[in-house]
Amino acid sequence: MNALHRLDRTARNLAPFALVLGLVVIATLPLRLPGYDATAPNVALIAVFYWAIHRPDLLPAPAAFLIGVWQDLLVGAPLGINALLLLVAHRVVSAQRRILIGKSFAVMWWAFAVTAFAAALGLWLLTMAFHAAALGPEPALIQILSTIAAYPFLTWLFAWVQHAVRGPA
Amino acid sequence: MRPLAGSATRLVAPVRGLAQRFAFPFLILAAFGLMLFGKAETVMVERLRADAVDIVSPILAGLSRPLATVADMAEAGGRLVDLHAENRRLRAQNRRLLRWQQAARSLAAENESLRRLLDYAPGPEARSVAARVIAKSGGVFARTVLVDAGERHGVAKGQTVVADRGLVGRIVSAGSLSARALLVTDLNSRIPVLVERSRARAILAGDNRPRPRLEFADPAGGVAAGDRILTSGHGDLFPVGVPIGVVVAEDGAGLRVRPFVRLHRIEHVRILERRAPGPPPAP
């Protein structure tokens, strides 16, 4: 009984991490939206933001790092860029956790928008440094918009998962 | 007479505290280390990337089919709105194509008779692998796509990728089940091209925008808006004569090319196997 209990515990603890890895995979699926070349939202950033506030024990800094590496590998970005950005985001959000926790959804959404903007800026600068070339910032701006728009849907999903993994104390 | 376990835990606790304090800076350094490593050892990183993608490619391939169906239904719905105009356009296109078909037939007959005359023996036809796009690069500053054909299907790095309308790009890394293709619009894409009408040579350079730049060594060479751009085959990177796009003039930004292939919507591609360069056939 004790071993089964521990297995259950472990599965619950790993669920958010595994969920984010899966979401990063799904985010690379081609959405052939007519009219424009949509850039997929940065689901890893939404996840790190959410879990760093609500359950930092389930998605600690090393997890954010690994998610970033996974994202870099799958998406074709220079290896290490998203790992760095997610680490910094995790650190900053964790530090602000006391202020943010318990606030209304609108406040959190606004805080996330600021985070997304900072992350996009960081991505743009780091990518330019990596390739040693000038790049237009437009794709990053489009991604900010799609990421901010995706925030409510993903937080709804994460809140459901957070409730589901609470389980017996 | 302290128990041994007590002294062991007294050793672990400060170590763990130390680890927690230094975890974050260590991870930051690790991230920078990865970036430098990626800059230095691109081959190994591409191998790692290809292996990671191989793991998820069956899932992506499975999921992308229903998505494509939904996208097709949405597009069909949009077309229903303007059936009459579409019908007229298609009839006009049909008439043009029938005239081309007639011209093609007579040219093929002429070609055949000329070949017989010269006793010409053509080389083996380039074989191609058909594949589907299963993931686009979700990265913001890269224009690559994943296709569901890999080394197991005969795909290798450097092979040309085409769609029905023209050039798509080339394969930059291949896993066993999937491969990554660099599109013509990507920042790192440089293709030797020529203008169909004037045979002027140029380089088509991508910069992550939807329309890549046309760079000429000799700016005076005859090119105008509306000219078709084809691959020149220089450097043996691409086969000769693959259509790429049409020149559009942009104010202040020089000449750009609108690709024939709608790159944000491609689903089916062909990957051309390169013929190994061998000795020329004996006269």
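Before reading on, note that the structure itself is shown above.
The structure displayed is predicted, hence computed values, not measured ones.

A. Quick look at the overall build of chain A. Counting secondary structure elements, chain A contains 7 helices and 0 strands. Along chain A, from the amino end to the carboxyl end, the secondary structure elements read α-α-α-α-α-α-α. Its C-alpha atoms give chain A a radius of gyration of 17 Å, within 12% of the compact-globule value 15 Å for 169 residues. Taking the principal axes of its C-alpha atoms as reference, chain A extends roughly 60 × 35 × 35 Å. For chain A, with 169 residues in total, the buried portion stands at 51%.

B. Up close: the packing of aromatic side chains. With the rule as written, the count across this model stands at 9 aromatic pairs over all chains. Relative to Trp-51 of chain A, the ring of Tyr-50 of chain A has its centre 5.2 Å away and its plane inclined at 80°; by these criteria the two rings are edge-to-face. Comparing Tyr-50 of chain A with Trp-51 of chain A, the two get one shared label, buried. Their ring planes at 20° and their centres at 6.4 Å tell us that Trp-109 of chain A and Tyr-151 of chain A sit as a pair that is stacked. Linking Trp-109 of chain A in helix H6 (residues 105-131) with Tyr-151 of chain A in helix H7 (residues 138-166), this pair joins segments that are 42 residues apart in sequence. Grouping aromatic residues by their ring pairs yields a cluster made of Phe-49, Phe-105, Trp-109, Phe-112 and Tyr-151 of chain A. Looking at Arg-91 of chain A, its charged tip hangs above the ring of Phe-24 of chain B, at a distance of 4.4 Å from the centre. Here Lys-39 of chain B stacks its cationic end above the ring of Phe-130 of chain A, 4.7 Å away from the centre of that ring.

C. Structural detail: the sheet that holds strand S12 (residues 268-272) of chain B. Residue and element names in this part refer to chain B. The sheet built from 6 strands closes into a barrel, its strands ordered S1-S2-S5-S4-S3-S12 with antiparallel pairing. Sheet twist, expressed as the average angle between the axes of neighbouring strands with direction ignored, equals 45°. Where strand S3 (residues 160-162) lies against S12, 3 bridges are found, and the strand directions are antiparallel. Within the sheet, the bridge partner assigned to Val-162 lies in S12 and is Arg-270. The sheet contacts of helix H2 (residues 42-80) involve strand S1 (128-136), strand S2 (144-147), strand S4 (167-174) and strand S5 (179-183), and relative to S1 the element is tilted by about 85°.

D. Summary view of the packing of helix H4 (residues 81-95) of chain A against H6 of chain A. Residue and element names in this part refer to chain A. The contact between H4 and H6 brings their axes to 10 Å, and the two run at 145°. Relative to H6, the crossing made by H4 is right-handed. Residues Ile-81, Asn-82, Leu-84 and Leu-85 of H4 lie in contact with H6, whose contacting residues are Ala-119, Gly-122, Leu-123, Leu-126 and Thr-127. In the contact of H4 with H6, the residues fall into 6 nonpolar, 3 polar and no charged.

E. Summary view of the interface of chain A and chain B. Counting residues at the interface gives 45 residues for chain A and 42 residues for chain B. Each partner contributes to the roughly 4000 Å² buried at the junction of chain A and chain B, and carbon and sulfur atoms together form 73% of this total. Residue Glu-138 of chain A pairs with Arg-209 of chain B through a salt bridge whose shortest N-O separation is 3.4 Å. Here chain A and chain B share 8 residue pairs in polar contact (both at pLDDT 80 or more) between them. If you tally residues by element for the side of chain A that touches chain B, the top one is helix H3 (residues 61-75) of chain A, at 9 residues. Looking at the side of chain A that touches chain B, its residues break down into 32 nonpolar, 8 polar and 5 charged.

The rules behind each value
- Residues numbered from 1 in each chain as written.
- Chains lettered and ligands numbered in written order.
- Predicted model: local features only at pLDDT ≥ 70, side-chain atom pairs only at ≥ 80, totals over all residues.
- Heavy atoms only, no water.
- Helix = DSSP H or I, 4+ residues; strand = E, 2+ residues; numbered from the N terminus.
- Rg over C-alpha atoms; globule rule 2.2 N^0.38 Å.
- Buried < 20%, exposed > 50% of the residue type's maximum accessible area, 1.4 Å probe, protein only.
- Phe/Tyr/Trp six-rings, centres within 6.5 Å; stacked < 30°, edge-to-face > 60°.
- Lys NZ or Arg CZ within 6 Å of the ring centre and 35° of its normal.
- Pairing = 2+ DSSP bridges.
- Axes fitted to C-alpha atoms, helices over the stretch in contact; angles between N-to-C directions.
- Contact = heavy atoms within 4.5 Å.
- Left-handed = near helix turned anticlockwise from the far one by under 90°.
- Nonpolar A, V, L, I, M, F, W, Y, C, P; charged D, E, K, R; others polar.
- Buried area = accessible area lost by both parts, 1.4 Å probe.
- Salt bridge = Lys/Arg side-chain N within 4 Å of Asp/Glu carboxyl O.
- Polar contact = N/O pair within 3.5 Å; in protein donor to acceptor, adjacent residues only side chain to side chain.

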